[in-house]
Every structure is written in structure tokens, then in C-alpha cells.
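Observations on the three-dimensional arrangement
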Amino acid sequence: MKSQLRESTDVKSPSRLHEHKKGYSESLSQGHVYELAQNLSKHDATQNRENEHFAVISDNEDVTVISIDSYLFHLQRHRYANNLTLARLMYAQLCAVGLETHEAVGNHVIPMFIDCGSLPDALRVFNYLLFPNEVSWTSLIVGHVSCGNPKDALHIYEQMQQENVNPKSYTLVAALQACAALKDFPWSLKIHSEAIANGFLDDSFVCNSLINSYAECGDLLQAEYVFNMCSVRDIVSWTSLLAGYVELGNPQHALDCLKQMQSEGVSPCEFTYACSLKACSNLGAFRKGQELHAEATSKGFDQCSHVANALIDLYGKCGSPFDAFQVFNLMPSRDVVSWTAVIAGYAECGPWLEALKLYDQMQIEGVYPNNITLASLIKACGRSGSQSRGYEVHTQVVLKGFDGETIVGNSLVSMYTKCFAFLEANQVFKMLTVKDAVSWTALIAGYTDSGDGLEALNCFDNMQLQYIPADAFTYSCVLKACSIIQDLQKGYKIHLHIIENDYEKDGPVCNALVDMYMKCGSIPEAHNVFDELQFRTVETWTSMIMGYSDGRMWPEVFHLFEQMQSDGIFPSAVTISSVLRACGNTGALERGRVIHKEFVTADALMIPTIANSLMSMYTKCGSLEEARKVFDKLHIRDATAYSVMIKGYGVIGEGKKAIECFRDMLKNGVSPDSVTFTCLLAACCHASLVYEGHALFRSMREDHGIEATLEHYVCMVGLFAKSGHLYEAERFLETFCLPYQRTWAALLSACKNYGEEELGNRSFEQLMIGNPYIPAWYVLMADTFAGSGNWNAASRLEELRKHSEIFKEPASALIEIEGQIHKFTVRNSPSKEVSDMVRSMNSRLKKEGHLPNLDSVLKSADDDEKEIGLCEHAEKLALAFGLIHTSQGQTIRVTKSMRICHDCHETNKFVSQIEKREIILRDDCSIHHFKDGSCSCGDNF
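None of the values given here were measured: they were computed from a predicted structure. (Residues numbered from 1 in each chain as written. Predicted model: local features only at pLDDT ≥ 70, side-chain atom pairs only at ≥ 80, totals over all residues. Heavy atoms only, no water.)

**Considering the overall build of the protein chain**
Let me state the cut-off plainly: By definition, any uninterrupted DSSP run of H or I lasting at least four residues is a helix, any uninterrupted run of E lasting at least two residues is a strand, and each is numbered from the N terminus. Three labels apply to residues, based on accessible area from a 1.4 Å probe with only protein chains included: buried if under 20% of the type maximum, exposed if over 50%, partly exposed otherwise in between. Contact criterion: two residues are considered in contact whenever any of their non-hydrogen atoms come within 4.5 Å of each other. Surface accessibility follows the Shrake-Rupley procedure with a 1.4 Å probe radius. Residue values consider only the protein chains on display as shielding.
When helices and strands are tallied, the protein chain shows 51 helices and eight strands. When each of the 941 residues of the protein chain is scored for burial, the buried share is 51%. Long-range pairs, those at least 24 residues apart, make up 64% of the contacts in the protein chain between residues at least 6 apart in sequence. Here the protein chain displays about 42700 Å² of accessible surface, and carbon together with sulfur accounts for 51% of that area.

**Structural notes on empty space enclosed by the protein**
Spelled out, the test is: In this analysis a 1.4 Å probe is tested at points of a 1 Å grid over the protein atoms alone, and where it fits but cannot get out there is a cavity; an open set with protein on both sides within 12 Å along at least five of seven lines is a pocket; lining residues have an atom within 4 Å of a point. Grid points are joined across faces, edges and corners, and a volume is the space filled by probe spheres set on the points. In the scheme used here, Gly and all other residues not listed as nonpolar or charged are polar, with Ala, Val, Leu, Ile, Met, Phe, Trp, Tyr, Cys and Pro taken as nonpolar and Asp, Glu, Lys and Arg as charged.
Tallied over the full model, the rule gives three cavities of 30 Å³ or more. Along the walls of the second largest cavity sit eleven residues, with Val651, His686, Lys722, Ser926 and Cys937 positioned nearest its centre. Grouping the amino acids of the lining of the second largest cavity by side-chain chemistry returns five nonpolar, five polar and one charged.

**Notes on the pattern of salt bridges**
Put simply, the test is: A carboxyl oxygen of Asp or Glu within 4 Å of a side-chain nitrogen of Lys or Arg is what we treat as a salt bridge.
Per the counting criterion, the structure on display carries 28 salt bridges. Between lysine 519 and aspartate 515 there is a salt bridge, with the nearest N and O atoms lying 2.9 Å from each other. Highlighted residues: lysine 519 and aspartate 515, both in helix α30 (residues 507–519), separated by four residues, approximately one helical turn. Since its relative accessible area comes to 33%, lysine 519 is described here as partly exposed. A residue is classified by how much of its surface remains accessible, and aspartate 515, at 14% relative accessible area, is buried.

**Describing the UniProt feature "repeat: PPR" (unreviewed entry) in the protein chain**
Condition: UniProt positions are given in the numbering used here, feature names are shortened, and annotations may be inferred rather than shown by experiment.
Under the UniProt annotation, the feature "repeat: PPR" (unreviewed entry) is placed at residues 133–167, 234–268, 335–369, 436–470, 537–571, 638–672 and 673–703. For the annotated span residues 133–167, helix accounts for 74% and strand for 0% of the residues, and the straight-line distance between the end C-alpha atoms is 9 Å. Annotated as residues 638–672, this span is 74% helix and 0% strand, and its ends, taken at the C-alpha atoms, are 9 Å apart.

**Observations concerning the environment of leucine 883**
In this structure, leucine 883 sits in helix α50 (residues 874–885). Sequence separation between leucine 883 and glutamate 915 is 32 residues, and the spatial gap between their C-alpha atoms is 8.8 Å. If sequence neighbours within four positions are ignored, leucine 883 has contacts with Met837, Met841, Ile892, Val911, Glu915 and Arg917.

**Quick word on the environment of cysteine 318**
With respect to the helices, strands and loops of the structure, cysteine 318 is situated in the loop between α18 (305–317) and α19 (321–330). Under the relative-accessibility criterion, cysteine 318 is labelled buried at 11%. When the C-alpha atoms of cysteine 318 and cysteine 349 are compared, they prove to be 8.7 Å apart, with 31 residues separating the residues in sequence. Cysteine 318 has contacts with Gly284, Ala285 and Phe286, leaving out every residue within four places of it along the chain.

**A closer look at the sheet that holds strand β7 (residues 927–931)**
The criterion, for reference: In this analysis, strands are considered paired if DSSP registers two or more bridges between them.
Read from one edge of the open sheet, six strands run β4-β3-β5-β6-β7-β8, paired in mixed fashion. With partners counted over all chains shown, the strands left at the sheet margins are β4 (820–825) and β8 (934–935), one partner each. Relative to strand β6 (residues 919–922), strand β5 (residues 892–896) runs parallel, the two sharing four bridges. Of the residues in β6, the one forming a bridge with arginine 893 is isoleucine 920.

**Examining the packing of α30 against helix α31 (residues 523–532)**
Using the following cut-off: Helix axes are fitted to C-alpha atoms over the stretch in contact, other axes to C-alpha atoms as well, and angles between N-to-C directions run from 0 to 180 degrees. Put simply, angles under 35 degrees are roughly parallel, angles over 145 are roughly antiparallel, angles from 65 to 115 are roughly perpendicular, and the rest are oblique. Whether a crossing is left-handed or right-handed is set by the direction in which the near helix is turned from the far one by less than a right angle, anticlockwise for left-handed and clockwise for right-handed.
Contact pair α30 / α31: the axes reach a minimum separation of 7 Å and the direction vectors enclose 165°. When the axes of α30 and α31 are compared, the pair comes out roughly antiparallel. The handedness of the crossing between α30 and α31 is left-handed. For the pair α30 and α31, contact is made by Cys510, Leu513, Val514, Tyr517 and Met518 and by Ile523, Glu525, Ala526, Val529 and Phe530, respectively. The residue makeup of the contact of α30 with α31, split by class, is nine nonpolar, no polar and one charged.

**Describing the confidence of the model for the protein chain**
For clarity, the threshold we go by: Per residue, pLDDT measures the predictor's confidence, with a range of 0 to 100.
With 88% of its residues at a pLDDT of 70 or more, the protein chain has an overall mean of 81. Taken together, the stretch residues 1–65 has pLDDT below 50 and engages in 124 contacts with residues farther than four places along the chain or on a different chain.

**Focus on the packing of aromatic side chains**
The following threshold applies: In this analysis, rings of Phe, Tyr and Trp, with Trp reduced to its six-membered ring, are considered paired at centre separations within 6.5 Å, and the interplanar angle assigns stacked below 30 degrees, edge-to-face beyond 60, and tilted for intermediate values.
Inspection of every chain in the model, using the stated rule, returns 28 aromatic pairs. For the pair tyrosine 157 and tryptophan 187, a centre-to-centre distance of 6.0 Å together with 70° between the ring planes defines the contact as edge-to-face. Taken together, the residues tyrosine 157 in helix α9 (residues 150–162) and tryptophan 187 in helix α11 (residues 185–197) connect sequence positions 30 residues apart. Note on tyrosine 391 and tyrosine 416: the rings are 5.7 Å apart at their centroids and 50° apart in plane angle, and the pair reads as tilted. With tyrosine 391 in helix α23 (residues 387–399) and tyrosine 416 in helix α24 (residues 406–418), the pair connects residues that are 25 residues apart, well separated along the chain.

**Details of the packing of α24 against helix α25 (residues 422–431)**
Running from N to C, α24 and α25 point in directions that differ by 165°, and their axes come no closer than 7 Å. Put simply, α24 runs roughly antiparallel to α25. The way α24 lies across α25 gives a crossing that is left-handed. Between α24 and α25, the contacting residues are Gly409, Leu412, Val413, Tyr416 and Thr417 on the first element and Phe422, Glu424, Ala425, Val428 and Phe429 on the second.

**Let's talk about α9**
Structural remark: α-helix, 3.6 residues per turn; residues separated by three or four positions point the same way. What counts is decided by this rule: A helix is expected to span 1.5 Å multiplied by its residue count minus one.
Between its terminal C-alpha atoms α9 stretches 19 Å, which fits the 18 Å expected from 13 residues at 1.5 Å a residue. Buried within α9 are the following residues: Pro150, Ala153, Leu154, Ile156, Tyr157, Gln159 and Met160. Looking one or two residues past α9, asparagine 164 carries a phi angle of roughly 60°, positive in sign.

**Looking at the pairing of β4**
Here strand β3 (residues 812–817) pairs with β4 via six bridges, running antiparallel. Considered in β4, the bridge of isoleucine 817 is made with glutamine 820. Between β3 and β4, which follow one another and run antiparallel, lie two residues, and glutamate 818 among them has a positive phi close to 50°.

**Observations concerning a nonpolar patch on the surface**
The criterion, for reference: Residues enter patches when their relative accessible area tops 30% and they take part in no salt bridge; the joining distance is 9 Å for like charges and 5 Å for the nonpolar side chains Val, Leu, Ile, Met, Phe, Trp and Tyr.
A contiguous nonpolar surface patch, about 240 Å² in accessible area, is contributed by Leu454, Ile484 and Ile485. Looking at where isoleucine 484 falls in the secondary structure, it is placed in helix α28 (residues 472–485). For isoleucine 484, a relative accessible area of 34% gives the class partly exposed.

**Quick look at helix α10 (residues 169–182)**
The first and last C-alpha atoms of α10 sit 20 Å apart over 14 residues, in line with the 20 Å expected at 1.5 Å per residue. The buried count for α10 comes to ten of 14 residues, which makes it a mostly enclosed element. What α10 keeps buried is the set Ser169, Thr171, Leu172, Val173, Ala174, Ala175, Leu176, Ala178, Cys179 and Ala180. Structurally, α10 contributes buried residues whose contacts are with α8 (134–146), α9, α11 and α12 (204–216). Positive backbone phi, at 55°, marks lysine 183, one or two positions downstream of α10.

Pasting the structure below:
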């Protein structure tokens, strides 16, 4: 018996058996023997034992008689007590009285040692047991599985079969646990066959173990087959299948499974809720997660650690770290998993400094971090750009002995790249003992995040030369690199790699493919990938929405967002920001207000991207009051928030309020950045605050250490030129050696306004040297000629543009009516009611003394034809549509793709006076607020 097992351990012989007994007996003094004997004898007396007895001799040679049942009772008692010391003393006594090889007693000793956590003791006893039964064999299998030796467990199971010991149902359960740990599908099939042969499929424990084993092996079809064959499907069966769906990347199936389970009257347990919440987390199904949270709370499961940890993970991944913190705060006891989950949530979504604060609190409470905790903390340092704090954490990593952990090393590489410390990142990378796919990807992701797509692709090529297989995240980063440099051909090649390596159905990879194709302008390919996806996560929807947003395809943005909501996917912070951007750029104020009301909670306002996007939307729609209300509600106002408000004041011509906002920013200790000064100088430009703008330009470098960029120079040229100081603008431009098109374009635009033909011609020549194929330059110069009365030169330039086939894009205007965006394009045939309204509007304006500005029409035609041309301007059509479809006194908001012309500007002024309406029109330069016959720009545009 047990020949193979004994070949690998001690071979039974009288001398070895004597040594074995002696080893245990020496640990037991005669006093211990007598004490144990007395306890056993007392047990026999209470139970009136009349079965087999053994004699124990005490120190004074008194004889104590003890039954076998009493030994078995105490073996079971020590087994359940999990006290290894008492278990060894008990076995020593058995050796002392010669019961160590007794069949009944010996077969109770092995499970006792296993439950006490000593597999070596169990193996030694097993080697000298004459007749081990299925309990002993099964206990050894369980012991090996518990000690992380699933292969040895299956080896024991094989030997048991060779010894012709028939397994019980619990034996198969133990063996299936080993199969699950190994993810060994053939072994699972073999034990499945044996379960059928022995008639164990009616045993729910066996069925549940088979479902779990097949799920762990990645074969959900077999798991579903066993599940459907179960005579009784209890909560364990359902949860095992549900967990399999989650682990194998089918979260929607998991939620469908939960729904079916509940419809059959099976109530979820805490483990079911934990798995279901993980499915919601993987899907980004925030609302469904909230529903499950409410269910779990009603049943008292929200306090269970695995449910609470799953909730923290869900809220963190769905972009609501504050909800995660609320769950965390209510937990009665918090382990390292809980702390790590909430830190990871803040590290992922922000505010990142909260992650650092929580780690400090975690240390105060004496909870020792693990490698995941430190990796999340390092991520927070990287995302917050806090390189100094990153150095501190790096030091702690070394002191705590985690510097050899690959996951920590990879996080350090990522952190240093996010802080643009590529020297340190490469040093850490070179010191890694194991450079796996994650290590390479950390470096690739760093280059990608820093905008260096070319270096990221070079790094990927080096990774392939090292024969390191790319994973899903690697492909996602490389596709992003292709997006950055807009290399569609390289993207096609990566897509082929993805198909060859079976990653084409991976969610994040598909998201990256959609994003790459959208950014490279290949919308049909992006849609093909999107339409083939079986499960669309919040990231997938966001990639499409962002692609349309970047392509300024606003109706598609709104359509996809509505479709996303109907599919039950809660938008992320990035999704909301993208849709708010679309609202701002289309003037869709009502739609923006709906999004604000439905999705932007007080907690969401603490996420900078949402808060800043919301303020930007309101400012672009000309509603500074609402933008200011959002701004005032912010607990933390950073440089970006102040910049949004400064820009908002600037575009409506409130330059002095913009400067006041800047002073308030400095007073509150917020340091301005380069963008802040761009917004400030632009505000000064819109309001013609020459002195203030020039002073701020000097202060930018002298007081704040910020070097001027192209944006700042463009603003300064525009400031001088718009204020009528055209030659000062030219001198400024030449002094700072600014041969940039945008600076000359700003000067040419001002020359058009002031009819300065000579300077305009010089500016036009400089622009032609840079790029002679931009139609805007010809239009500006032609308008400049027209403004100075040189109609022949204007006409010749227009003919040259058309002959050179340099065509300008037709101007368009958008207006929102009852949540719907309506687009009007110049010279497109409007509806009869709009045409009639335009004619009626012009007739009324003439009666009031407003004559059309025909000088702004360059083409050779009579006055009537020119007037008809002016009536076809997009903003007039949108205005007429607004007058038809809005109630009296309601504000009309129009968004135009190009700068408003003088005639349309005058028209809007007169309409605002005659109709007693406020009209807010945003063109590509500023916002015009028409009220009572005047405009906020002061006619300086």
C-alpha cells in the first residue's frame, strides 16, 4: 500500500517506526501521560463506555483504563480547537500506548493534524498507518491544496486510486479545488467522469465544485452544462457561475445570471453581491451598482468586508471616489484591502492628494501596506505630478523591502515618466530584475502620456525584439501613440497584430482602436470596431463621443450620449466633459443645464475636469452668471478654474472684471500658469485695455517667472492692433522676431477693421510666404482693400483665390430650440417660413431706418442682388428661425462658425431693440450680447 507515497518519504521498518514513536514520546513526560489518562478516563466514566479498552500506566503504577471512543472524542476536540501543541501531545500518548497504527484512531489523527495546519505531521503519521481510509487520503489532498501544493494534491488522489480506495463525494470536492487552483481542464474532465461513474452528480457540493473548477479553467460552456444538469441549484451554484462570468470578462452575462437567479427565487448572499458589484465595476454600470448597493444594504450585507470592498472598487472605477470613501468610512473594520481600494480610487480619479492623505492615516492606524497599496500610492504621486512626494514613497518602498516587487517597480517607472523624469524612469527600468510586458508598457505609456508617440513606438519595437509578448494594455498604449502622431498605417499594422494575438474583443483594446481611428480621421473604421463590440463599456462610448467631439461633429455627440444613457451606462467624468464641450460649442445651453442637473452632483463638482468643463460650457453660451455660481461652489479653485472664468469675462468684453478675477486669484494664493496669462491678455485685447495688457505681459516674466509663448505674443499683437496702434503692433512683432502666421494674421485682421491697406499688404505677403493656400488670408486682405475703397484690388484678389481653387468653407450657424440643434449654412435654401421671416425682418428694419451694409459684399452685382446675398447669411437665418420658434421676450442664442460681419452685427442690434429681445451670438472670436439696440463689444470687433 501507498508504495509511491512511501518511496518519497520514510519507508516503514521496525527501526524507523521505533524512531518515529520515540520522537513523539520524548515530548511527553510521564506526568503528561497520567494527566491525559485521567482526563480520558473521566470522559469514559461519563459516557459509560463498554467497548475496547487500553491500559495506561502512571508514575505510581496505578492502572487507568481508557476506551477507544474516548481517544476519538479527544482527537476530534483537538482537531476543532486547531491547537497543534495539544494535537502533538495527544499523538505522543497514542504512540506511548501503541495506538498509532490502530485503524480507527490513526485515521482520525491525520485530519486532526491537517486542521491544525501541520501537513508534515500528517504525512509522517500517514506513512506508518496500516489501513488509511478515504478520510485520511482526502485530508492529505485538502492539506496540500491549503498549503498551495495543488499538484501534490492530485498526485495523492492518483495514488489513492491505485490503492483501490473508493473516493467519497468530499474527496472529489477536494480534488476539484486542486484542479481549480491549477486551472487544469483535463483533470477537471477526469474527475467529472468519476463523479458520474460514482453517482455523485446529485451531490450539490460536487456540482458546485465542478462549476467553479470549469469556470477557473476558462470553460464557461462546461460550467453552464454542469449548472443546467444540477438537480438542485443553490446559492453556491449560482454564485460560482456568476463569479466565472466576471473573472472571464463577461460582466453582462454575470448580471443577467443574477437577474435569472432572483427570478427563480434564490436570494443573493454577500459573495453574490460582491461578484455582481465587480461585474458592474467592469462594465462601468454605475446605476446598477447603486441598485445592488441598496439591495445589499437592505439585507445587512453592506457591512461585510468583501461587499464593502467591492463597493469601494466600483465607485472608485466609476469615477466617484467620494461615494467610495463614504462606504469605507462606515466599515466597522478596515483591512489592507479596504484601505488599498479607497486609495486606488482616489489615485485613479482624484483628488490625488486625498490618496496621499489616506496613506498617512493608514500608517497612523497601524495597517501595514502591501505591494498594491504602494503601487496605487505611487500612481497618485504620478498623476498629481508630485515628484518630491514620489521620491519619499520610493524611499519607503526600499525601506519596507518592496523594491524587488515588479508591480512596485513598474509603478515607479510610470510615476517618473508622468513627472517627465525620464532619466529616473529609465534607471528604475534598467534595475528591474524581471522586465515583463507590464515593465515595458509602463515605459511606453510614459512616453505616450508625455506626447512622444514616436519614442513610444520605438520602445514597442525594442520590446518585440526582446520577444516580450504584448498584452492588452501595451496595445492600448501603442494605439494611443499612433493617435498622437496620426500614423494610420502604423495603426493598421498594430490592428493586425491585435487580431493575430486574439485581443480584438478586449474592451480597452477596442476602445483604443476606436480612439485611434477617430483621431486619424477614419470614422468608418472606428464605427466598424464599435458596432462589432458585444459589450460596450463606458470607455468605449467615451472614445466614440470624444472622437466626434474632436471632429466637431456635435449632433453625433448628442446622439451617442443619448444612446449610451438608454443602454444604462453611467457617464464618466471624461464623458460628461466631452458632452459639455459639445454643448458649449453649439450654444446648447438648455441641454447643458439638463446634464448639470442630472449628472453633476456636489461630489462631481470636486472633480476638476467636470467643474471646469461646466464653467466653460456656461461661459461659451454667454451665461456668465451660471458659470460664476458654479465657480463660487467649488471647494478648491485651481489655476484652471480661474482661467476659465477670466476667459469667460474676456470673450464678452468685460476685461476689467477679468483682471479683478486675476487679482482675486493671487489674493487666494493660487499661482497663475501660462494659460491664465493667455486668457488675461486675450481679455485685455477684447476690451482694448492696452496699458493693463502691456503691464501684465511684463509681470508674467518678471513677477511669475513664466516665459512668453506664441499664444501670448499673438494676444499682444492683437491688443495693439485692435486698439488702433497698428504700427506699434508691427514693431512689437519685429522686435520679438515673431515670423508666425497667427501673429501676422492678427495684424492683418486689425488692418481690415481700420482700412490700413499698406500695412495689411505687408502682413498678407508674410502670410503668403508661410502658407499661400489658406482662404482666410485672401478674405481678410480682400476685406482690407474693400475697407480702404480699393474695390478693384479686392475683386482681383477674389478672382485669384477662386482661380487657384482655394475655397473657403461656407459659414454656418447653430441654434438650440427645445433641446434640438438646428444648423443653417450660408446660401443653403431655408424653409419658406424662415425666408418669409427674414424678408419681414428686413422690411421692418428698413422702416426703422436700418439700411443694409452693401459695402461688405465684394461681388459685382446690383444693390438688390447684394441685399439678397446678405439675407442668406447663416446667422440671419438662425436668428429668423429663433424668432419663429421662441416665445416673446425669450433670449435667442446663436453660435456662428466664423466672425460676424458688420451688416449682421447691425441687424442683431436693431432686432434686439425692435423685438425687445436679448440676443447672444458667439462667433469664432468673441461673444456678442445684444440688448436694447447695443452690443457688449461696443462695436469694436
